[in-house]
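Next come the chains, spelled out residue by residue.
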Amino acid sequence: MTSISPASSPATAQARRDPRIYQPFMRLSHLLDGEKPGASPLPDGAPISLSIGDPQLSAPPLLAETLAAYPNDWSCYPPFRGTPDFRAACHDWLVRRYGLSPETLDADRQILPLPGSREGLFFATLTAINRGAAEGRTKVLIPSPGYHVYAGGALAAGAEPVFVPARADNNFLPDYEGLPKETLDRTAIAFFCSPSNPEGAVASREQWRAWIELAQRHGFVLAADECYADIYTDEPPAGLLEAVQGPQGTEGLLTFHSLSKRSSAAGLRSGFVAGDSELVDGIDAFMRYGGASVPTPILHASAALWRDEAHVVETRCYYRTLFEMAEEKLWAKTGWRMPAGGFFAWLEVGDGEAFALRAWKEAGLRVLPGRYLCPDEEGAAPEDNPGAPYIRVALVHEPQVTEKALDRLAEML
Ligand SMILES: Cc1ncc(COP(=O)(O)O)c(C=O)c1O
């Protein structure tokens, strides 16, 4: 394969089919890997990665303890639908977290384990495009900036991604309601993320209601990416399921959850999808061809983690401390205020790509240019890329490291 085109050069039609086109971290490597990093503010001057949202906290001991309690469960192929106990644990967490009545969901028919929510989001697009083919539904609505897997799924499905800007003047939420009717009627699936990556914006219950109403009226699948649902600064963000009402119930609706952030267990690869049972069956069917089922000991450990809240309270405090530190250090230079959820600072710095290069070369700090979370369309001006003025800074390192990195970033602004 030829080398990936620099992020700042517009995509040609052929390049747009390249599966690397939406990969933010490949684009970042392309930008930085040939450049020598400057000395970072750490005593040994080693580079600090602030680009990936890898939790740095240790996973709670409960995880390893539960895994160790099932040494004999590794020998068999795991059940694709998980165990009744795993489904019950996810169901009960949803009921507790969103104040649902237990009948809102049938745990056995409407919940499917996932080897990470990323995999489920990807397979959901294949499922929705396949289901919508007979009606000519070829479009996938994607917030821009947004998590790159939504676009990757559209690419793999041969679908047409429609990137909808999520800008500060709309609380960083995409305005799908404002799209033309012809677009909405040809949409197979629309993605929403709350708390959103990268901005940490959250949707209100009314907003979820409006999106549900829009999706059910136009007959497309609504995929709610809520993998940061438990990482919030003050109030627990509203979720898709608590906004369900009316005769159509969960028809066309899917919500994706994960232990990666909630339990600092990104390496466990464990999440689940819940919602419309036909769509859940569809994702299950596709995953049986090309996905991985979640190993039985991991299902046991995951059930234990979904039932435990104590470790999540500590995790939230940790991220809140880092958010407070970042606000104190960055507000005066950028006007950035801590958002309602997530653990990223989405900072307006002028030219985000140029800033990222400078931060690497001068200070050994690896941050993600916001434009890499948006498509760079052929012929588009930089101002058409809503992420271009921003960088994304992952606030995940221990406070001493984060503090040094933030002080250095603030100096550079
Ligand atoms: C917005 C968003 N959705 C989904 C995921 C996938 O998480 P996982 O596959 O670890 O559950 C991530 C991971 O960073 C994310 O940021």
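Residues numbered from 1 in each chain as written. Predicted model: local features only at pLDDT ≥ 70, side-chain atom pairs only at ≥ 80, totals over all residues. Heavy atoms only, no water.

**Q** Explain the pattern of salt bridges here, please?
**A** Oppositely charged side chains can pair when the atoms bearing their charge come close. Evaluation of the coordinates by the stated rule reveals 28 salt bridges. For Glu119, the salt bridge goes to Arg118, with nearest N and O atoms at 3.0 Å. You can call Arg118 partly exposed: its relative accessible area is 39%. For Asp234, the salt bridge is made with Arg320, and the minimal N-O distance between the two is 2.7 Å. (Salt bridge = Lys/Arg side-chain N within 4 Å of Asp/Glu carboxyl O. Buried < 20%, exposed > 50% of the residue type's maximum accessible area, 1.4 Å probe, protein only.)

**Q** For this particular structure, what's the right way to read empty space enclosed by the protein?
**A** Any space left empty among the atoms is revealed by the rolling of a water-sized probe across them. The final tally for this structure, using the stated rule, is 5 cavities of 30 Å³ or more. Counted as a void, the second largest cavity has a volume near 90 Å³. Forming the walls of the second largest cavity are 14 residues, and the residues nearest its centre are Gly146, His148, Ala151, Phe163 and Leu373. At the level of secondary structure, the elements contributing two or more residues to the lining of the second largest cavity comprise strand E3 (139–144) and helix H6 (148–156). Grouping the constituent residues of the lining of the second largest cavity by class yields 11 nonpolar, 2 polar and 1 charged. (1 Å grid on protein atoms, 1.4 Å probe; cavity = no way out; pocket = protein on both sides within 12 Å on 5 of 7 lines; lining within 4 Å. Points joined across faces, edges and corners; volume = space filled by probe spheres on them. Helix = DSSP H or I, 4+ residues; strand = E, 2+ residues; numbered from the N terminus. Nonpolar A, V, L, I, M, F, W, Y, C, P; charged D, E, K, R; others polar.)

**Q** Would you explain the sheet that holds E3 in this entry?
**A** As a general point, the strands of a sheet are linked pairwise by backbone hydrogen bonds and lie either parallel or antiparallel. Spatial strand order, E2-E8-E7-E6-E5-E3-E4: 7 strands in an open sheet with mixed pairing. Both outer strands of the open sheet, strand E2 (111–114) and strand E4 (160–165), are each paired with one neighbouring strand and no more. With strand direction ignored, the average angle separating the axes of adjacent strands in the sheet is 20°. In terms of strand pairing, strand E5 (residues 187–193) meets strand E6 (residues 221–225) through 5 bridges, oriented parallel. (Pairing = 2+ DSSP bridges. Axes fitted to C-alpha atoms, helices over the stretch in contact; angles between N-to-C directions.)

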